[in-house]
Amino acid sequence: MSTAAPRTTGQDRLWSVDEHLEDILAAVRPLEPIELQLPDAQGCVLVEDVMVPVSLPPFDNSSMDGYAVRVADVAGASEEYPAALEVVGDVAAGQADLLHVGPGQAARIMTGAPLPPGAEAVVPVEWTDGGLGEGPVHGMRARSLAPEQSSGRVRVYRSAEARAHVRAKGSDVRAGDRALEAGTVLGPPQIALLAAIGRGTARVRPRPRVVVLSTGSELVQPGEELRSGQIYDSNSFALTAAARDAGAIAYRVGAVADDAETLRSTIDDQLVRADLVVTTGGVSVGAYDVVKEALSHFGDEDEPGSGIDFRKLAMQPGKPQGFGSIGPDHTPLLALPGNPVSSYVSFELFVRPAIRALMGLEDVHRPTTRAKLVTDKALTSPRGRRQFLRATCAEGTVRPVGGAGSHLVAALAHADSLIVVPEDVESVEPGTEVEVVLLG
């Protein structure tokens, strides 16, 4: 949730990228923890350490299909002089009543089955004749697991050391160990570990619910027919995908026409399922910049601190931005420019960190690196603005992709990084080491 502190207007000054981001992160608070079933906890952040209640594995068990034996009974065994043992029965995975292996005896055992009392090691079936008396076999012979049908003798052609092919109790984790630390993001391996130690739920911060909507009467949904003056709505699809990539549960709303009352009503309807609202388009100084018109006075007199502050940032692309909170729960809202590249770059710089902060993650930023610029000519950048250029980065070098135009979405599709040109730099020569934000 965002704080309810009074907001100061940013329309009369130029904000830096860092100032705008700091303002956003200062207002966004991690979501309250909840208990979720494991399938629903994927992608969420643990809020407490998880201790191991039972050792893994919980008992000594076989890592091979073979025979459970006593070490002394197979000492010196070879193909020329095999050890002949009496098979007293079968031990299958999940079996509770275990056989006892005494001197001169063996138990046929399956992978994962408990090591029976008296046995000290497991010899793989490939080291035996499988009870067939015809030399080494290549796999376990199919037969009933009923003890009365699995008796007989087996020849063992190799010796085994104590604990050979035995997974020891607690060899993975022991009871009382810390399984996972608070702050861990639950991916498939972490979900597997929780299930393996018997945890069916986890206490986590939920994935933020992000509502994405684009504005513009010229926007048409993909698959529909384009008429004169119309373009397809790509921003809402791009930002919804980006929100999901950041870890959110994202909802895409169809493009809203340039009507302030319709936009206000649409946003108000979406607040019931939103922890964060993202709009794209309508934040510049044009006559039809509906987002500014609709949201500049969205604050409620009964809700101190609500409202949206529209700003100009010292960056390219993405100069016009909006940020604030709306509704009774002070739901954070970020208003992004409508040009596709400006919109996506703004998402990476401001919305993604906000989503990660809502999740309770400590590191909310994309990784950065330094790389040598590879280009045919010097890059130019407007003085006083921090420029972000689409690029591909590999093996310590970075190459610009496409031009600087904020409408060039095709170039964006081939980029995996952003070159950062500082505010006080107007030209970057080929071979210069530059800062790079990695998007992949």
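Cut-off values and rules
Residues numbered from 1 in each chain as written. Predicted model: local features only at pLDDT ≥ 70, side-chain atom pairs only at ≥ 80, totals over all residues. Heavy atoms only, no water. UniProt positions renumbered as here; feature names shortened; annotations may be inferred. Helix = DSSP H or I, 4+ residues; strand = E, 2+ residues; numbered from the N terminus. Buried < 20%, exposed > 50% of the residue type's maximum accessible area, 1.4 Å probe, protein only. Contact = heavy atoms within 4.5 Å. Areas by Shrake-Rupley, 256 points an atom, 1.4 Å probe, with all protein chains shown as cover. Phe/Tyr/Trp six-rings, centres within 6.5 Å; stacked < 30°, edge-to-face > 60°. Lys NZ or Arg CZ within 6 Å of the ring centre and 35° of its normal. pLDDT = per-residue confidence, 0-100. Axes fitted to C-alpha atoms, helices over the stretch in contact; angles between N-to-C directions. Parallel < 35°, antiparallel > 145°, perpendicular 65-115°, else oblique. Left-handed = near helix turned anticlockwise from the far one by under 90°. Pairing = 2+ DSSP bridges. Salt bridge = Lys/Arg side-chain N within 4 Å of Asp/Glu carboxyl O.

- Taking an unreviewed UniProt entry as the reference, the chain is identified by name as Molybdopterin molybdenumtransferase belonging to Streptomyces phaeoluteigriseus.
- Looking at the Sequence similarities (unreviewed entry) heading of the UniProt record, one finds this comment for the chain: "Belongs to the MoeA family."

**Considerations on the overall build of the chain**
(1) Moving on: Scanning the chain from N- to C-terminus turns up 9 helices and 29 strands.
(2) Moving on: Taken over 440 residues, the chain has a buried fraction of 47%.
(3) Moving on: A sequence separation of at least 24 residues applies to 72% of the contacts in the chain between residues at least 6 apart.
(4) Moving on: Taken as a whole, the chain presents about 20700 Å² of accessible surface, with 49% of it coming from carbon and sulfur.

**Topic: unusual backbone geometry**
(1) Moving on: The residue after L56, namely P57, is reached through a cis peptide bond having omega -15 degrees.
(2) Moving on: Among the structural elements, P57 can be located in the loop between β4 (50-51) and β5 (61-62).
(3) Moving on: Although it is not a glycine, H330 sits at a positive phi angle of roughly 50 degrees.
(4) Moving on: Within the secondary structure, H330 is located in the loop between β21 (320-326) and β22 (331-336).
(5) Moving on: Even without glycine at this site, E395 takes up a positive phi of about 55 degrees.
(6) Moving on: Inspection of the secondary structure puts E395 in the loop between β25 (386-394) and β26 (397-400).

**Side note on the packing of aromatic side chains**
(1) Moving on: All chains considered together, the criterion is met by 0 aromatic pairs.
(2) Moving on: Stacked on the ring of W127, the Lys or Arg R158 has its end atom at 4.0 Å from the ring centre.
(3) Moving on: The side chain of R252 reaches across the aromatic face of F237, ending 4.0 Å from its centre.

**Brief notes about the confidence of the model for the chain**
(1) Moving on: Scored by pLDDT, the chain comes out at a mean of 89, with 89% of its residues at no less than 70.
(2) Moving on: Contacts of residues 143-150 to residues separated by more than four positions or lying in other chains number 17 contacts, the stretch itself having pLDDT below 50.

**Some remarks on the packing of helix α1 (residues 17-27) against helix α8 (residues 340-359)**
(1) Moving on: For the pair α1 and α8, interaxial distance at closest approach is 10 Å and the crossing angle is 25 degrees. As summarised for this structure, α1 and α8 are arranged roughly parallel, according to the angle between their axes. Crossing handedness for the pair α1 and α8: right-handed. Across the interface between the two elements, V17, H20, L21, I24 and L25 from α1 touch L349, F350, P353, A354 and A357 from α8.

**Points about the pairing of strand β29 (residues 433-438)**
Residues in a regular strand project their side chains so that they alternate between the two faces of the sheet.
(1) Moving on: Relative to β29, strand β23 (residues 368-373) is paired through 5 bridges, and the arrangement is antiparallel. From the neighbouring strand, R370 faces β29, where its bridge partner is E435.
(2) Moving on: The pairing of strand β27 (residues 417-421) with β29 spans 4 bridges and is classified as antiparallel. Across the sheet, the residue bridging to I419 is V436, located in β29.

**Structural notes on the sheet that holds strand β13 (residues 201-205)**
(1) Moving on: Reading across the sheet, the 3 strands line up as β2-β13-β3 and stay open at both edges, with antiparallel pairing between neighbours. Every interior strand has two partners, whereas the edge strands, β2 (34-37) and β3 (45-46), have only one.
(2) Moving on: Bridge count between β2 and β13: 4 bridges; the pairing is antiparallel. The residue of β13 that forms the bridge with Q37 is T201.

**Some words on the pattern of salt bridges**
A side chain with one charge can pair with a side chain of the opposite charge if their charged atoms come near.
(1) Moving on: Counted by the stated rule, this structure contains 19 salt bridges.
(2) Moving on: Residue R178 pairs with D49 through a salt bridge whose shortest N-O separation is 3.1 Å. Within this pair, whereas R178 is found in strand β12 (residues 178-180), its partner D49 is found in the loop between β3 and β4, the two being separated by 129 residues in sequence.
(3) Moving on: In this structure, E426 and R383 form a salt bridge, with 3.4 Å as the shortest nitrogen-oxygen distance. Within this pair, whereas E426 is found in the loop between β27 and β28 (427-428), its partner R383 is found in the loop between β24 (379-380) and β25, the two being separated by 43 residues in sequence.
(4) Moving on: Judged by its relative accessible area of 45%, E426 is partly exposed.
(5) Moving on: R383 gets classed as exposed once you look at its relative accessible area, which sits at 57%.

**Comments concerning the pairing of strand β6 (residues 66-69)**
(1) Moving on: Note that β6 and strand β8 (residues 105-109) share 4 bridges and pair antiparallel. Looking at the pairing, Y67 lines up with R108 of β8.
(2) Moving on: Direction of pairing for β6 relative to strand β9 (residues 121-124): antiparallel, over a ladder of 4 bridges. Looking at the pairing, G66 lines up with P124 of β9.

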